[in-house]
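# Secondary and tertiary structure notes
Here is how the chains run, residue by residue.
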Protein chains: 2
Amino acid sequence: MKADRDFFSKTQSLKTPFIIYDLQKLEDNYQRIKSSFPEFKVFFVMKSNAHPRIISLLRDLGAGFETASLNETSELLNLKVDSKKIMSFHPIKSPEFLQFLNKKRIDIMTADSYQEIDKIAHDFPNAKIVPRVVVDNLGSAWQLNGKYGIEIVEFPHFFRYILRKGLLPWGLTFHVGSQCENISNWIKAIQICDKVWEDAWRDGIRLKLLSLGGGIPVKYTHIVPSIEKVGTVAMKELSKTFLYKTKPVFTIELGRSIVADVGVLVNTVFGTATRGEINWIYIETGTYNGLVEAIETDNRNFFPVATQFPRRRKKIYNIGGPTCVSLDTPFVGIKLPRINLGERVVIKNAGAYTTVCASSFNGFSPPKEYFFQDLN
Amino acid sequence: MKADRDFFSKTQSLKTPFIIYDLQKLEDNYQRIKSSFPEFKVFFVMKSNAHPRIISLLRDLGAGFETASLNETSELLNLKVDSKKIMSFHPIKSPEFLQFLNKKRIDIMTADSYQEIDKIAHDFPNAKIVPRVVVDNLGSAWQLNGKYGIEIVEFPHFFRYILRKGLLPWGLTFHVGSQCENISNWIKAIQICDKVWEDAWRDGIRLKLLSLGGGIPVKYTHIVPSIEKVGTVAMKELSKTFLYKTKPVFTIELGRSIVADVGVLVNTVFGTATRGEINWIYIETGTYNGLVEAIETDNRNFFPVATQFPRRRKKIYNIGGPTCVSLDTPFVGIKLPRINLGERVVIKNAGAYTTVCASSFNGFSPPKEYFFQDLN
């Protein structure tokens, strides 16, 4: 979806702030992933965007869903998602959530600690366990190591513990870190899983599912490896590993790469200020009501920004959000065509981790959500 | 409100996560501030906690309110707060908000840029302008300089601009930064205001209101200057300044120091894990659904934490929130009595900037809110 003249004229009557999603783009992204990872089952990570129409379209396209909480899972079931197409890969699940999963027979789930196995054994006997393996996160924007994962050396013991507790060792999963630009992380992770899988096989444990997790990067303000590139590298590595074994069911769990570039966030400039040499504009969506990811990277320049009048002379801007708070400065020192009070600013690739993380702090509501296909 | 045995037994039947507020403590805090700042009008900063019962009690105690948005202001008026007791100190207000303030005759407001003056002149002629002065933020946990404020040298010109645009120069305000432990910031700020005020007087501008802003620190995990100490220092400085002038109306705008230690957040441990040498517990409230302030300080050790069984041997813990996300680790390396799955953890001083900033990311709801006075 291009933020061109046509886009601005079609959306002019909508009151800002809003996010507009393109369902055609969503479908294209899903198909690109399916083609890049042939024979893989694709699971949509619900936490990235839980809008019912997005969930419903992905359901109709045949996607599975990865869920982390009772509320999320319950919403999926309300939207008529087949329970067989749901997995929970949150490594730490509350007892209440486990009991719910048991009731609904959603039985494939991760674990990455002995304590979690004890808990699952208590609340969901016979569950299928897909341990999360510690892998390299170098080169990822959000690194997960330290918080989650089982070390390789720990595995034979961990699998025996799963069996002893009456659960089923079912496969392996890993997470290279969110927005991973270092393709060799996948290569190394697949090699690690190959080793763990083979050791398990030798111990008589027949694993069935290999999950490649998430982390495929999205182009925000700089070029990153494409879905096709990551797919090619992963498929090549898989053809060299997992030999002499029953072929695993391959899955991949993606959020950002399915939905990020499907959404465009539109704001109006409601204030401007010149402070010394610095030009400030203030927009209706900031750190607290939609753009929390903008401040999680060091340079405060995470999302691509566009304006209504691209041909104007450029200036350097800081962009403040709507609240009074110092942290509410999602962009610092970015170059934009000159922009005035009342004009519109567009934040691209705002389809993932925006509205789902938004609060109404200071009385400023999260952006409303619309679909491009509904506009005339 | 002590997190003692009595507290745990009284709150045992409430389902976690929840915040419990003590209205008596709220009243005590308000009275302490009134005594520490004699003759000051105290304004509650609504963004810190917008619960209707907290607003209503403060209204009945005689407090005024500081508001930043149309929604906040509208909520204050719904709660029968007198419009004369409302000021808006957000330096950048949307045109829509200014028109609303005009309609409701809420006429005292800040500004800190020429562009804002133009906007106010257009949407609220005759408004009373309290410019925000740039002051030192050294020693404050959240520093605001760069984002807001007018430099001293700019003032004579700024006041003339306000007058030329048909608005009324009404006073001065500043902000030493949130959670300010460096008392000399107030001394310097008062001295700066004295100078600006005197220059304005000589130019024939009779200012009426001096606002000391916010920033009084709250004791979280280490001792900070008390309200009384800050009051003593400020009052002493005010007695040495603002001489030979009509006495200003003094105001102070406080959120954190009125409401932070009024709230206690209670969570259940829903998961545990041992990863190498590190003990992890996972609780129901984290970065995204209530504890965003916990991760804004470097050491991930912002709030005091207590447990149900204080006499047990201590261990070092990391505490993860409920979501799958790496950022959702509100506490790192804190010492706690040994704690098990299903036991309760208490986060103290959780009355400010918690529920108001919370989202339901990953399907995890913000904590419910209760009042200690309602329990048996």
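Residues numbered from 1 in each chain as written. Chains lettered and ligands numbered in written order. Predicted model: local features only at pLDDT ≥ 70, side-chain atom pairs only at ≥ 80, totals over all residues. Heavy atoms only, no water.

### Notes on the overall build of chain A
- Summing up its helical and strand segments, chain A has 10 helices and 19 strands in all.
- Taken over C-alpha atoms, the radius of gyration comes to 22 Å for chain A, in line with the 21 Å a tight globule of 376 residues would show.
- The C-alpha extent of chain A, read off along each of the three principal axes, is 70 × 40 × 40 Å.
- Split into buried and exposed, the 376 residues of chain A put 63% on the buried side.
- Look at the contacts in chain A between residues 6 or more apart in sequence, and 71% of them connect residues 24 or more apart.
- Approximately 14,600 Å² of chain A is accessible, and the part contributed by carbon and sulfur atoms is 51%.
- Across chain A, the centroid of the 49 positively charged side chains sits 3 Å from that of the 38 negatively charged ones. (Helix = DSSP H or I, 4+ residues; strand = E, 2+ residues; numbered from the N terminus. Rg over C-alpha atoms; globule rule 2.2 N^0.38 Å. Buried < 20%, exposed > 50% of the residue type's maximum accessible area, 1.4 Å probe, protein only. Contact = heavy atoms within 4.5 Å. Areas by Shrake-Rupley, 256 points an atom, 1.4 Å probe, with all protein chains shown as cover. Lys, Arg positive; Asp, Glu negative; His and termini not counted. Charge placed at Lys NZ, Arg CZ, Asp CG, Glu CD.)

### As for the pattern of salt bridges
- The final tally for this structure, using the stated rule, is 35 salt bridges over all chains.
- Linking Arg312(B) and Glu343(B) is a salt bridge whose minimum nitrogen-to-oxygen distance equals 2.8 Å. Residue Arg312(B) is located in the loop between strand S15 (305-307) and strand S16 (314-320), and its partner Glu343(B) is located in the loop between strand S17 (331-337) and strand S18 (344-347); the two are separated by 31 residues in the primary sequence.
- Several salt bridges converge on common partners, so that one network encompasses Lys195(A), Glu198(A), Asp199(A) and Arg202(A). (Salt bridge = Lys/Arg side-chain N within 4 Å of Asp/Glu carboxyl O.)

### What to know about unusual backbone geometry
- Cis geometry is found at the peptide bond from Thr16(A) to Pro17(A), where omega equals -5°.
- You can see Pro17(A) is positioned in the loop between helix H1 (5-11) and strand S1 (18-21).
- One non-glycine residue, Gln179(B), lies in the positive phi region at around 60°.
- Following the sequence through the fold, Gln179(B) ends up in strand S10 (residues 178-180).
- At Asn349(B), a residue that is not glycine, the phi angle is positive and equals roughly 55°.
- Residue position: Asn349(B) is located in the loop between S18 and strand S19 (368-371).
- The exposure class of Asn349(B) is buried, given its relative accessible area of 10%.

### Topic: helix H3 (residues 52-61) of chain B
- Along H3(B), the residues that are buried comprise Ile54(B), Ile55(B), Ser56(B), Leu57(B) and Leu58(B).
- Gly62(B), located one to two residues past H3(B), shows a positive phi value of around 105°.

### Here we look at the relation of the copies chain B and chain A
- Between chain B and chain A, which share one sequence, the superposing operator has a rotation angle of 180° and an axial displacement of 0.0 Å; the RMSD is 0.0 Å. Viewed as a symmetry operation, the transformation between the two copies matches a two-fold axis. Closest approach to the rotation axis among the C-alpha atoms of chain B is made by Ser359(B), whose C-alpha sits 2.3 Å away.
- A share of 100% of the interface residues of chain B reappears at the interface of chain A, consistent with the copies meeting face to face through the same patch. (Least-squares fit on C-alpha atoms with pLDDT ≥ 70 in both.)

### Side note on the UniProt feature "modified residue: N6-(pyridoxal phosphate)lysine" (unreviewed entry) in chain A
- Per the UniProt record, the feature "modified residue: N6-(pyridoxal phosphate)lysine" (unreviewed entry) sits at Lys47(A).
- Mapped onto the elements, Lys47(A) comes out in the loop between strand S2 (40-45) and helix H3 (52-61).
- Excluding its chain neighbours within four sequence positions, the residues that come into contact with Lys47(A) are Glu72(A), Tyr353(A), Val356(A), Cys324(B), Val325(B), Phe361(B) and Asn362(B). (UniProt positions renumbered as here; feature names shortened; annotations may be inferred.)

### A look at the interface of chain B and chain A
- Listed per partner, the contact involves 56 residues of chain B and 56 residues of chain A.
- Buried surface at the junction of chain B and chain A, both sides included, amounts to about 4,300 Å², of which 57% is carbon and sulfur.
- Here chain B and chain A share 4 salt bridges between them.
- Arg275(A) is the salt-bridge partner of Asp112(B), the closest N and O atoms lying 2.9 Å from each other.
- For the interface between chain B and chain A, the tally reads 19 residue pairs in polar contact (both at pLDDT 80 or more).
- Of all the secondary structure elements, the ones that give two or more residues to the side of chain B that touches chain A are helix H4 (70-78), helix H5 (95-103), helix H6 (114-123), strand S13 (263-275) and strand S14 (278-283) of chain B.
- Of the residues forming the side of chain B that touches chain A, the biggest block, 6 residues, is contributed by S13(B).
- Tallied by class, residues from the side of chain B that touches chain A come to 23 nonpolar, 21 polar and 12 charged. (Buried area = accessible area lost by both parts, 1.4 Å probe. Polar contact = N/O pair within 3.5 Å; in protein donor to acceptor, adjacent residues only side chain to side chain. Nonpolar A, V, L, I, M, F, W, Y, C, P; charged D, E, K, R; others polar.)

### Looking at the domain arrangement of chain A
All names here are of chain A.
- Looking at chain A, the domain boundaries give domain 1 (5-18 + 261-374) and domain 2 (23-260).
- Between the C-alpha centres of domain 1 and domain 2 the distance comes to 33 Å.
- Contacts between the two partners involve 19 residues from domain 1 and, on the opposite side, 22 residues from domain 2.
- Summed over both partners, the interface of domain 1 with domain 2 comes to about 1,900 Å²; 56% of that surface belongs to carbon and sulfur atoms.
- When the area that domain 1 buries against domain 2 is broken down by residue, the three leading residues are Val262, Tyr353 and Phe371, summing to 32%.
- On inspection of domain 1 and its partner domain 2, the count reaches 3 salt bridges.
- With a shortest N-O distance of 3.6 Å, Lys25 and Asp261 are connected by a salt bridge.
- Summed over the shared surface of domain 1 and domain 2, the result is 14 residue pairs in polar contact (both at pLDDT 80 or more). (Domains from an automatic or database assignment.)

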